[in-house]
Amino acid sequence: VSAEVDVAAMQTRIAALGAPYNAGDFDAGRRAFAQCRSCHTANQGGGNRVGPNLYGVFGREIGTAEGFAYSQAVQDADFTWDPAQLDHWLENPQTFLPGNRMAFAGVRDETQRRDLIAYLLVTTSE
């Protein structure tokens with residue numbers, strides 16, 4: 001998301017989400033995503049890095065981002081990403097799906113995860 005993003009418009013989009021994400025804070029979510037940027041892009045057409053591009057992640061089957069080489073654990077998993085799945089993943093990726101290659105300890109703070117997921121909900125889809 002560019003620096004010229006209309007924060008008020010994005011916050012309005014967040015307010016229209018289902019609970020608990022409708023209480024999310026766009027700016028706080030953007031700040032939380034800074035932890036993710038070294039490994040993930042989230043813009044349409046963005047490339048994969050150490051982790052897959054996150055644009056369009058919600059509603060996508062796990063392990064299907066084009067051009068990304070997934071761990072066997074992810075290849076063997078069978079679910080579609082939704083906010084609840086991502087919340088559990090982000091809380092502790094290794095506990096959620098043992099054997100995945102995401103070398104990130106997780107986001108322990110529930111409010112920070114809510115803000116991050118709300119941010120992704122409004123920035124990674126049309």
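(A) Here's a closer look at the pattern of salt bridges. Counted under the stated rule, the structure contains three salt bridges. Linking R30 and D27 is a salt bridge whose minimum nitrogen-to-oxygen distance equals 2.6 Å. Here R30 and its partner D27 are both found in helix α2 (residues 26-33), three residues apart, which amounts to about one turn of the helix. Where R113 meets D87, a salt bridge forms, and the shortest distance between an N and an O atom there is 2.7 Å. Highlighted residues: R113 in helix α6 (residues 110-123) and D87 in helix α4 (residues 83-91), separated in sequence by 26 residues. Per residue, the accessibility class of R113 equals that of D87, and both read buried.

(B) α2, seen in detail. Within α2, burial applies to F26, A28, G29, A32 and F33. Buried residues in α2, looked at end-on, bunch into an arc of 160 degrees, giving them a common side. Looking at the packing, one finds that the buried side of α2 touches α1 (7-15) and α6. Residue D25 occupies the N-cap position of α2, its side-chain oxygen lying 3.1 Å from the main-chain nitrogen of D27.

(C) Geometry of the nonpolar core. Counting 32 residues, the largest nonpolar core has F33 and W89 as the members making the most contacts within it. Secondary structure elements with two or more residues in this core: α1, α2, α3 (72-76), α4 and α6. At seven residues, α6 tops the list of elements feeding residues into this core. Each residue touching W89, except ones within four places of it in the same chain, is listed here: V74, W81, F96, L97, N100 and M102.

(D) Region of the structure containing α6. Spanning 14 residues, α6 covers 20 Å between terminal C-alpha atoms, matching the ideal 20 Å at 1.5 Å per step. Summarising burial for α6: 10 of the 14 residues are buried, a large majority. Inspection of α6 places R113, D115, L116, I117, A118, Y119, L120, L121, V122 and T123 among the buried residues, and these make up the whole buried set. On the buried face of α6, the contacting elements are α1, α2 and α4.

Criteria and thresholds
- Residues numbered from 1 in each chain as written.
- Predicted model: local features only at pLDDT ≥ 70, side-chain atom pairs only at ≥ 80, totals over all residues.
- Heavy atoms only, no water.
- Salt bridge = Lys/Arg side-chain N within 4 Å of Asp/Glu carboxyl O.
- Helix = DSSP H or I, 4+ residues; strand = E, 2+ residues; numbered from the N terminus.
- Buried < 20%, exposed > 50% of the residue type's maximum accessible area, 1.4 Å probe, protein only.
- Arc of directions from axis to C-beta.
- Contact = heavy atoms within 4.5 Å.
- Polar contact = N/O pair within 3.5 Å; in protein donor to acceptor, adjacent residues only side chain to side chain.
- Core = buried A, V, L, I, M, F, W, Y, C linked by side-chain atoms within 4.5 Å.
- Expected span 1.5 Å × (residues − 1).

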